[in-house]
Amino acid sequence: MRSTYTEDDVILLLKDITGLVKPQPTQERERLIQSGRHYCEMLPIEYRPSERYMQAYKEAMQVYSKPTALAIGRLADNIVKQRGKEVVLVSLARAGIPIGILLKRYLKWKYQIDCKHYSISIIRGKGIDHNAMNYILDRHKPEQLLFVDGWIGKGAILKELKKDLEEFPGVSSELAVVADPANITQLCGTHEDILIPSSCLNCTVSGLISRTFLRDDIIKEHDFHGAVFYQELEADDLSYRFIDAIQSQFELENDDPNGMPTSNGVDEVMKIAREYKIEDINLIKPGIGETTRVLLRRVPWKVLIDREYKNDLALHHIVRLAEEKNVPIEYIGLNNYKSCGIIKKMADA
């Protein structure tokens with residue numbers, strides 16, 4: 001799979017399907033998804049950020065590069081404590097890729113561990129890419145594999161991972177993430193809902209690749225899951241600028257002042273569902289990263305922001321996106337998350 005990343009940083013176990021799939025407008029995709037079509041059978045038109053939005057991204061980088069770097073360091077320290085030095089990173093495409101690269105670099109910088117890093121596709125409701133898993137397991141021991149992602153919203157992908165990995169004896173379903181506000185995994189950099197600046201953008205901070213794709217007319221029995229390479233956006237690519245900015249903030253010591261949350265994020269999602277009379281909790285996307293995704297590639301109904309963070313710079317890009325798309329914002333009390341995106345039920349549109 002082509003990307004703007006080097007193979008020293010990551011080996012992408014994906015099929016290049018550039019030119020084979022026509023991206024669809026957001027409204028059309030959303031109607032199809034909610035009528036039963038799986039999101040992995042379509043690709044969205046990539047959002048081209050406005051100047052105001054890019055300014056918000058730059059502000060996010062200035063303020064949150066350091067907290068992200070410290071969380072990467074804490075996560076790497078935890079990995080070495082729990083898993084030792086014989087580790088193979090397997091990031092979940094695509095949000096996990098920059099995190100996997102940063103972990104790989106931190107492990108080499110602090111611990112002189114030169115680990116392999118692969119990226120593979122996992123799709124909610126469809127599962128993990130078995131061909132990619134077999135490729136890795138032909139080359140590495142099952143107990144070496146460690147899955148990596150950016151953040152946990154309410155844990156849907158972690159559930160998928162646990163279910164799918166029952167077919168691969170010896171492979172741990174533990175998921176290493178930078179931020180886990182849902183309070184689901186111990187292997188995280190922080191339980192705070194921090195802004196990981198890469199969540200603000202799509203392919204231009206992810207090696208110019210699309211989200212992953214699976215449809216049997218294009219992805220055959222022995223193929224990896226697919227992705228598109230957006231060469232036409234090469235002039236806008238910030239992938240290595242992001243990696244280098246976070247890496248420049250690495251520290252040898254990475255104390256976390258925030259500690260453990262007392263509540264469970266899934267309980268908070270259920271509470272939101274009750275209060276807003278939402279029957280399908282898949283329409284509720286909690287956390288900064290997930291809220292951003294809703295605004296970038298779904299049809300949002302509204303955005304909820306914890307009133308304590310009304311003027312927090314971490315949420316400026318969310319506020320600006322919501323303004324651009326005329327999405328109402330409600331400021332309420334939230335416990336685990338700083339924000340939550342709610343997808344519009346298309347039957348009500």
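In what follows, the structure referred to is the one given above.
In this report, the structure presented in the accompanying data block is examined. Everything numeric here is computed off the predicted structure, so don't read it as measured data.

1. What about the overall build of the protein chain?
- Counting its regular elements, the protein chain contains nine helices and 14 strands.
- A globule of 349 residues ought to have a C-alpha radius of gyration of about 20 Å, and the protein chain, at 19 Å, matches this closely.
- Referenced to the eigenvectors of the C-alpha coordinate spread, the extents of the protein chain come out at roughly 50 × 50 × 40 Å.
- Looking at the 349 residues of the protein chain, the share that counts as buried comes to 59%.
- The long-range share in the protein chain, meaning contacts at least 24 apart out of those at least 6 apart in sequence, stands at 80%.
- With the model as given, the accessible surface of the protein chain reaches about 15,000 Å², and the carbon-plus-sulfur share is 46%.
- Across the protein chain, 47 positive and 51 negative side-chain charges occur, with their mean positions spaced 3 Å apart.

2. Looking at the sheet that holds strand E8 (residues 175-179)
- One open sheet holds the six strands; their spatial order is E1-E4-E3-E7-E8-E9, and the pairing between them is parallel. At either margin of the open sheet sits one strand with a lone partner, and together these are strand E1 (11-12) and strand E9 (188-190).
- Bridge count for strand E7 (residues 145-151) against E8 is four bridges, and the pairing is parallel. Counted as the bridge partner of phenylalanine 147 is leucine 175 from E8.
- On the sheet, helix H3 (residues 96-111) packs against E1, strand E3 (88-92), strand E4 (117-120), E7 and E8 and is oriented at approximately 160 degrees with respect to E3.

3. A short note on the nonpolar core
- Grouped together as the largest cluster of nonpolar side chains are 64 residues, with contacts concentrated most on Tyr57, Leu103 and Leu107.
- Going through the elements one at a time, helix H2 (51-83), H3, E7, E8, helix H6 (239-247), helix H8 (288-297), strand E12 (300-306) and helix H9 (316-324) are the ones with two or more residues in this core.
- Take this core: its biggest share by element is 13 residues, from H2.
- Other than its neighbours up to four places away in sequence, leucine 103 contacts Ile72, Leu75, Ala76, Ile79, Leu89 and Val148.

4. So, H6
- Listed as buried for H6 are Ser239, Phe242, Ile243 and Ile246. Along H6, the residues classed as buried sweep out an arc of 95 degrees about the axis, all on the same side.
- Those residues of H6 hidden inside the fold are in contact with H2 and H3.

5. Topic: the packing of aromatic side chains
- Using the criterion set out here, one finds seven aromatic pairs in the structure.
- Note on tyrosine 118 and tyrosine 135: the rings are 6.3 Å apart at their centroids and 75 degrees apart in plane angle, and the pair reads as edge-to-face. Highlighted residues: tyrosine 118 in strand E4 and tyrosine 135 in helix H4 (residues 130-137), separated in sequence by 17 residues.
- What makes tyrosine 118 buried here is its relative accessible area of 3%.
- Between tyrosine 135 and phenylalanine 224, the aromatic rings sit 6.0 Å apart at their centres with planes inclined by 85 degrees, giving edge-to-face as the arrangement. Note that tyrosine 135 is positioned in helix H4 and phenylalanine 224 in the loop between E9 and strand E10 (226-227), a separation of 89 residues in sequence.
- Grouping aromatic residues by their ring pairs yields a cluster made of Tyr106, Trp109 and Phe250.

6. Concerning the sheet that holds E12
- In space, the four strands of this open sheet follow the order E11-E14-E12-E13, with mixed pairing throughout. At either margin of the open sheet sits one strand with a lone partner, and together these are strand E11 (284-286) and strand E13 (329-332). Direction aside, neighbouring strands of the sheet carry axes that sit 20 degrees apart on average.
- Two elements, E12 and E13, share four bridges in a ladder whose sense is parallel. The partner of aspartate 306 across the bridge, within E13, is isoleucine 332.

7. Overview of the pattern of salt bridges
- Applying the stated criterion to the full structure yields 22 salt bridges.
- For the salt bridge of aspartate 217 with arginine 215, the shortest nitrogen-to-oxygen distance reads 2.8 Å.
- On the basis of relative accessible area, aspartate 217 is assigned to the partly exposed category, the value being 43%.
- Under the relative-accessibility criterion, arginine 215 is labelled partly exposed at 22%.
- A single salt-bridge network, built from bridges that share partners, covers Asp9, Arg105 and Asp244.

8. Topic: the pairing of E4
- Residue alternation in E4 divides its side chains into two sets, His117 and Ser119 and Tyr118 and Ile120, and both sets are buried.
- By the bridge criterion, four bridges tie E3 to E4 in an arrangement that is parallel. Residue pairing across strands places leucine 89 opposite histidine 117, the latter belonging to E4.
- At this point the chain moves from E3, through H3, to the parallel E4, and the crossover so formed is right-handed.

9. Some words on unusual backbone geometry
- Look at the link from alanine 93 to arginine 94: it is a cis peptide, with omega at 5 degrees.
- With respect to the element layout, arginine 94 can be found in the loop between E3 and H3.
- Of note in the backbone geometry, glutamine 112 takes a positive phi value of approximately 60 degrees without being a glycine.
- With respect to the element layout, glutamine 112 can be found in the loop between H3 and E4.

Thresholds applied
- Residues numbered from 1 in each chain as written.
- Predicted model: local features only at pLDDT ≥ 70, side-chain atom pairs only at ≥ 80, totals over all residues.
- Heavy atoms only, no water.
- Helix = DSSP H or I, 4+ residues; strand = E, 2+ residues; numbered from the N terminus.
- Rg over C-alpha atoms; globule rule 2.2 N^0.38 Å.
- Buried < 20%, exposed > 50% of the residue type's maximum accessible area, 1.4 Å probe, protein only.
- Contact = heavy atoms within 4.5 Å.
- Areas by Shrake-Rupley, 256 points an atom, 1.4 Å probe, with all protein chains shown as cover.
- Lys, Arg positive; Asp, Glu negative; His and termini not counted.
- Charge placed at Lys NZ, Arg CZ, Asp CG, Glu CD.
- Pairing = 2+ DSSP bridges.
- Axes fitted to C-alpha atoms, helices over the stretch in contact; angles between N-to-C directions.
- Core = buried A, V, L, I, M, F, W, Y, C linked by side-chain atoms within 4.5 Å.
- Arc of directions from axis to C-beta.
- Phe/Tyr/Trp six-rings, centres within 6.5 Å; stacked < 30°, edge-to-face > 60°.
- Salt bridge = Lys/Arg side-chain N within 4 Å of Asp/Glu carboxyl O.
- Right-handed = clockwise from strand over helix to strand, strands pointing away.

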